[in-house]
Amino acid sequence: MTLAHGQGYLAIPGPSVMPEAVLRAMHRGAPNIYEGELIDLTHGLLPDLKMVAGTAHDAAIYIGNGHAVWEASLANVLSAGDKVLVPVAGSFGLGWSDVAAGRGIETDVVDFGRRGAIDPARVAEALAADKDHKIKAVLAVHVDTSTSAKSDIAAIRVAMDAVGHPALLMADCIASLGCDRFEMDAWGVDVMVAASQKGLMVPPGMAFVFFNDRAQAVRAQQERVSKYWDWVPRANPEFYYQLFCGTAPTHHLYGLRVALDMIKDEGLEAVWRRHEVLARTIWAAGDAWATGGPFELNIPDVAARSHAVTSLRIGKEHGTRLRRWCQDQAGLTLGIGLGMSTQDDPKGDGFFRFGHMGHVNAQMILGMLATVQTGMRVLDIPHGSGALEAAADVIASA
Ligand SMILES: *Cc1c(COP(=O)(O)O)cnc(C)c1O
């Protein structure tokens, strides 16, 4: 007997839970890609995407995942031999840096470890030392999905301006868009990348690059930009196929339409607030468990915690066992401990993650926490008491 049958919860940080309404919108025959509904629908997506990103500037849509827009963003404003500064607070910063290195870009990585956010003061220091402005861009991940550290992107811009450095500020909001507050224009971000399968609640396969006039001016000076990644025809297409450099991601577009309508109906501020309350619910439970056992939230500083994903430490003998029990016995799939391996825990068994991005609500989070507590009890993993009461208190007072 297992109690895993029934509606599962895929509580991993992407792909996230997909709303039935999104799936229903995608369940249809292929549409006409030459005229009519799909073309109008696509043009209507752009203003709403920009609203979610907090920008009045441009957006380009790509068929691809987050890695694709890592590549796309770099391809438009940087060339082989250029230098970038990459402040890193987890695996995803290193991933973007690797893609840059693969394009022949020189990467200057400043590592902030795995337990906190990027320190803007150290970014300023690195830029101030770059007297002849060799650094062309700063690549900063807003929420690093491996450590669950959230960095203060607005403060990074302030730090860059304080030292008068002209580098572009490029942000990866793949895990945070539609979950954590992000305001591209107000925060002075020049280029931002996002993807469909996290806060935007659509299957993986579509991704976005947002860029402002400063970034466009840098783009205009590039000697060449590979055709597929070029954002110019995608942002201002003369023909529909140019928007996608070929066939449109037809079904994703229908799904995204519904997802953006859901965000608009709820209101972006309310979406952010919901994610914040649910995140605090998880932290409250985590703090209680931590009082009597190995359980520990990976990011001690509350201000540096993501509202979309939470990374946890529980000791290498427990993490994988607990994940397995939750999945096999209760229908709850938790995220693996990504990029957290150490010498005495080479597979990162001591870590796991809660994904709480997009289409999630109070009953899902409360159910997840109760399930994890039950798993710890069954598996004899020591833990402090009062976690579920603490979680209920957060929901009750919201
Ligand atoms: C998921 C994620 C990526 C990678 O996206 P893929 O779609 O898996 O290529 C990059 N950056 C962040 C912050 C992410 O959360």
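Here is what the cut-offs are and how they apply
- Residues numbered from 1 in each chain as written.
- Predicted model: local features only at pLDDT ≥ 70, side-chain atom pairs only at ≥ 80, totals over all residues.
- Heavy atoms only, no water.
- Core = buried A, V, L, I, M, F, W, Y, C linked by side-chain atoms within 4.5 Å.
- Buried < 20%, exposed > 50% of the residue type's maximum accessible area, 1.4 Å probe, protein only.
- Helix = DSSP H or I, 4+ residues; strand = E, 2+ residues; numbered from the N terminus.
- Contact = heavy atoms within 4.5 Å.
- Pairing = 2+ DSSP bridges.
- Axes fitted to C-alpha atoms, helices over the stretch in contact; angles between N-to-C directions.
- Parallel < 35°, antiparallel > 145°, perpendicular 65-115°, else oblique.
- Nonpolar A, V, L, I, M, F, W, Y, C, P; charged D, E, K, R; others polar.
- Near = heavy atom within 4 Å.
- Polar contact = N/O pair within 3.5 Å; in protein donor to acceptor, adjacent residues only side chain to side chain.
- Areas by Shrake-Rupley, 256 points an atom, 1.4 Å probe, with all protein chains shown as cover.
- 1 Å grid on protein atoms, 1.4 Å probe; cavity = no way out; pocket = protein on both sides within 12 Å on 5 of 7 lines; lining within 4 Å.
- Sits in = over half its atoms within 2 Å of the grid points.

A.B. asks: Teacher, can you tell me more about the nonpolar core here?
C.D. replies: Side chains of nonpolar character tend, in soluble globular proteins, to be buried together. Counting 60 residues, the largest nonpolar core has Phe182 and Met192 as its most contacted members. The dominant element in this core, judged by the number of residues it contributes, is helix 2 (residues 37-53), at eight residues. The contacts of Met192, once residues within four sequence positions are left out, are Ala53, Ala171, Cys173, Leu177, Phe182, Met184, Phe208, Val209 and Phe210. Listed in part, the 34 residues of the second largest apolar core include Ala75, Leu78, Trp231 and Ala235.

A.B. asks: Teacher, can you tell me more about the sheet that holds strand 11 (residues 296-297) here?
C.D. replies: Hydrogen bonds between backbone groups are what pair the strands of a sheet, and the pairing can be parallel or antiparallel. Strands sit in the order 1-13-14-12-11 across an open sheet of five strands; the sheet is mixed. Strands with a single pairing partner mark the edges of an open sheet, and in this sheet they are strand 1 (9-11) and strand 11. Here strand 1 pairs with strand 13 (residues 332-336) via three bridges, running parallel. Bridged to Leu10 within strand 13 is Thr333. In this fold helix 12 (residues 362-378) packs onto strand 1, strand 13 and strand 14 (351-355), with an angle of close to 80° to the strand it touches most, strand 13.

A.B. asks: Looking at this structure, how should I read the packing of helix 12 against helix 13 (residues 387-397)?
C.D. replies: Helix packing geometry: the angle between the two helix axes and the distance between the axes. Remark: helix 12 packs on helix 13, axes separated minimally by 10 Å, with the N-to-C direction vectors making an angle of 170°. Here helix 12 is positioned roughly antiparallel relative to helix 13, judged by the angle of their axes. Counting all contacts with helix 12, which are made through Ala362, Leu366, Leu369, Ala370 and Gln373, the residues of helix 13 involved are Ala387, Leu388, Ala391, Ala392 and Ile395. Looking at the contact of helix 12 with helix 13, its residues break down into nine nonpolar, one polar and no charged.

A.B. asks: How do you make sense of the sheet that holds strand 5 (residues 135-141) when you look at a structure like this?
C.D. replies: The strand order 2-10-9-8-5-3-4 describes an open sheet built from seven strands, whose pairing is mixed. Of all the strands in the sheet, the pair left with one neighbour each is strand 2 (58-64) and strand 4 (106-111). When the angles between neighbouring strand axes are averaged without regard to direction, this sheet yields 20°. Bridge count for strand 2 against strand 10 (residues 205-211) is seven bridges, and the pairing is antiparallel.

A.B. asks: Is there a simple way to explain the site of the ligand in this structure?
C.D. replies: Neighbouring the ligand are 13 residues, the closest being His67, Thr145, Asp172, Gln197 and Lys198. Between the ligand and the protein, one listed contact pairs a nitrogen atom with a side-chain N or O atom of Asp172 at 2.7 Å. Burial of the ligand by the protein amounts to 90% of the accessible area it has alone, namely 380 Å². Its atoms largely coinciding with the cavity grid, the ligand occupies the second largest pocket. No other element matches the three residues that helix 3 (residues 66-77) contributes to the shell around the ligand.

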